[in-house]
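# Chain and residue survey
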Amino acid sequence: MAAGRSAALKLDWTKISTSLGLKGQTATALQAFKKRNDDARRKVNLLSSQPQSVDFQHYRSTLNNTAVVDEIQGHFKAFKPATYDVGRQIKAIEAFEVQAVKSAEETKGRVDGELRELEKTLENIETARPFEDLTVDEVAAARPDIDSRTEQLVSKGRWHVPGYKEKFGDLSVL
Amino acid sequence: MPQLVPFYFLNQITFAFILLIVMIYIFSKYILPRFVRLFNTRVFITKL
Amino acid sequence: MTFAPLESPLDQFEIRNLLSLDAPILANLQISLTNIGLYLTISASIALVLNLLATNYNKVIANSWSISQESIYATIHSIVTNQINANKGQMYFPFIYALFIFILINNLIGMVPYSFASTSHFTLTFFISFTVVLGATILGFQNHGLKFFSLFVPAGCPIGLLPLLVLIEFISYLARNVSLGLRLAANIIRWE
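Nothing here was measured: the structure is a model prediction, and the numbers come from that model. (Residues numbered from 1 in each chain as written. Chains lettered and ligands numbered in written order. Predicted model: local features only at pLDDT ≥ 70, side-chain atom pairs only at ≥ 80, totals over all residues.)

## So, the overall build of chain A
Helix and strand counts for chain A stand at nine helices and zero strands. Going from the N terminus to the C terminus, chain A shows its helices and strands as α-α-α-α-α-α-α-α-α. By the burial criterion, 5% of the 174 residues in chain A qualify as buried. (Helix = DSSP H or I, 4+ residues; strand = E, 2+ residues; numbered from the N terminus. Buried ≥ 20, exposed ≤ 12 C-beta atoms within 10 Å, placed from the backbone.)

## Description of the UniProt feature "coiled-coil region" (unreviewed entry) in chain A
Annotation from UniProt places "coiled-coil region" (unreviewed entry) at residues 101–128 of chain A. Helix and strand shares over residues 101–128 of chain A are 96% and 0% respectively, and the end C-alpha atoms of the span are 39 Å apart. (UniProt positions renumbered as here; feature names shortened; annotations may be inferred.)

## Examining the nonpolar core
Leu32(B), Val36(B), Tyr97(C) and Phe102(C) are the most contacted members of the largest nonpolar core, which totals 41 residues. Counting contributing residues per domain, this core is built from domain 1 (1–116) and domain 2 (121–192) of chain C, each supplying no fewer than three. Apart from the residues within four sequence positions on either side, Leu32(B) is in contact with Trp159(A), Phe27(B), Pro94(C) and Tyr97(C). (Core = buried A, V, L, I, M, F, W, Y, C linked by C-beta atoms within 7 Å. Domains from an automatic or database assignment. Contact = placed C-beta atoms within 7 Å.)

## Some thoughts on the interface of chain C and chain B
At the junction of the two partners, chain C supplies 26 residues and chain B supplies 24 residues. Those elements that provide at least two residues to the side of chain C that touches chain B are β2 (29–34), α1 (35–53), α2 (64–83), α3 (93–110) and α4 (122–144) of chain C. The element contributing the most residues to the side of chain C that touches chain B is α1(C), with eight residues. Residues of the side of chain C that touches chain B, tallied by class, amount to 16 nonpolar, eight polar and two charged. (Nonpolar A, V, L, I, M, F, W, Y, C, P; charged D, E, K, R; others polar.)

## Here we look at the UniProt feature "transmembrane region" (unreviewed entry) in chain C
Residue and element names in this part refer to chain C. As recorded in UniProt, the sites labelled "transmembrane region" (unreviewed entry) are residues 36–54, 95–116, 122–141 and 148–175. In the segment residues 36–54, helix accounts for 95% and strand for 0%; the C-alpha atoms at its two ends are 26 Å apart. Helix and strand shares over residues 148–175 are 50% and 0% respectively, and the end C-alpha atoms of the span are 18 Å apart.

## Here's the deal with the packing of helix α8 (residues 145–155) of chain A against helix α1 (residues 6–47) of chain B
In the contact formed by α8(A) and α1(B), the axes pass within 9 Å of each other and the chain directions differ by 130°. Judged on the interaxial angle alone, α1(B) and α8(A) are oblique. Considering the relative orientation of α8(A) and α1(B), their crossing is right-handed. When α8(A) is examined against α1(B), the residues Ile146(A), Arg149(A), Thr150(A), Leu153(A) and Val154(A) are found in contact with a partner set consisting of Pro33(B), Val36(B), Arg37(B), Asn40(B), Thr41(B) and Phe44(B). When the residues that make up the contact of α8(A) with α1(B) are grouped by side-chain class, the tally is six nonpolar, three polar and two charged. (Axes fitted to C-alpha atoms, helices over the stretch in contact; angles between N-to-C directions. Parallel < 35°, antiparallel > 145°, perpendicular 65-115°, else oblique. Left-handed = near helix turned anticlockwise from the far one by under 90°.)

## Section: the pairing of β2(C)
All names here are of chain C. Of the pairings in the sheet, the one linking strand β1 (residues 17–23) to β2 comprises six bridges and is antiparallel in character. Bridging from a neighbouring strand, Asn17 pairs with Thr34 of β2. Linkage of β1 to β2, two consecutive antiparallel strands, is achieved through a turn of five residues, within which Ala27 is found at a positive phi near 55°. (Pairing = 2+ DSSP bridges.)

## Concerning unusual backbone geometry
Residues and elements named next belong to chain C. Residues other than glycine seldom take positive phi values, yet Asn56 does so here, at roughly 55°. Structurally, the position occupied by Asn56 is in the loop between α1 and α2. Residue classification places Asn56 among the partly exposed residues on the basis of 19 C-beta atoms within 10 Å. In this model, Asn58 sits at a positive phi of 65°, which is unusual for a non-glycine residue. With respect to the secondary-structure elements, Asn58 resides in the loop between α1 and α2.

Written out as structure tokens, the structure is:
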């Protein structure tokens, strides 16, 4: 877990929250996680800065009742830090990590796809000719359903496009 | 009045008939569908 | 270059052979291009060529040439939808369109001096009007069966007057054939 801790120390939290531009649930989850991390680190720092050994010699010389000191020393020696089984938690964390990595990869794939689409659109915009020069053939080549719709209307004996007059006005001179 | 001569009468009618048929065919097959296509394109473009 | 003086004002309506093929060997086949045939062909070509050229290179945005075509389209379309039927009547739109353009251009050509006014010929106008009315009658019987005769009964007429009114309506229906053709040709003749 040493590597994990050093990684956690190296993490630049402000950079994460500003540069990635995270929003919504992810951002709040990240905030909560950061808070937990900060709290835990502060607690560890506080605890480790406190003295861990007791000068029993000093107590023995100042106190008359050395038996009490001996008893306390015995207790102190007998004290062992309670081992806490974190295996299950680590397992849960690992499972969560797998899940997170998977969803992150999914997000990455989606973002990449979006990026590619956007690049294509950008290229389209850059190479597009002015709207005045756009021909019906070009639009119909991009959207074949225009031709199929035309064919359908004409074969049914309909010679007007629904919604056209409402949008472009009626040129009828009568 | 030569148009009263049956030959010219028939000639005139035949010409008019053939031309009308040809015009109706070309209009309905090639020219008018292009208007519908143009209108379709315009409607589609404004929907983008 | 001199123009031959017209011997009579009606000379300009004379039909002449411009080009003819007589083939007695093929069952007396006679094919000839007369001046009216030539002018009808010219007007049909003008209608088609105008529609092929005035498209603003197939662009989505119209220029003034293609806007004129669209305007004709919209006008005839509104005539068809108003006079025939808003939905089913559109089926006859290409026919009405071709007829309209054909007659219009023939009339316009007739206005050009020293040209030939083909619509001033009763043969042509009667041919068109009789054909269209006959076709409309056949279509009426085909679509409506015997209910087609309700055309001759004016709405809300008293039963006593019915025979008389039906007779009048019938005559007016027949007269429409003649009057439609006559009116066009007479107008064009008067123009000349």
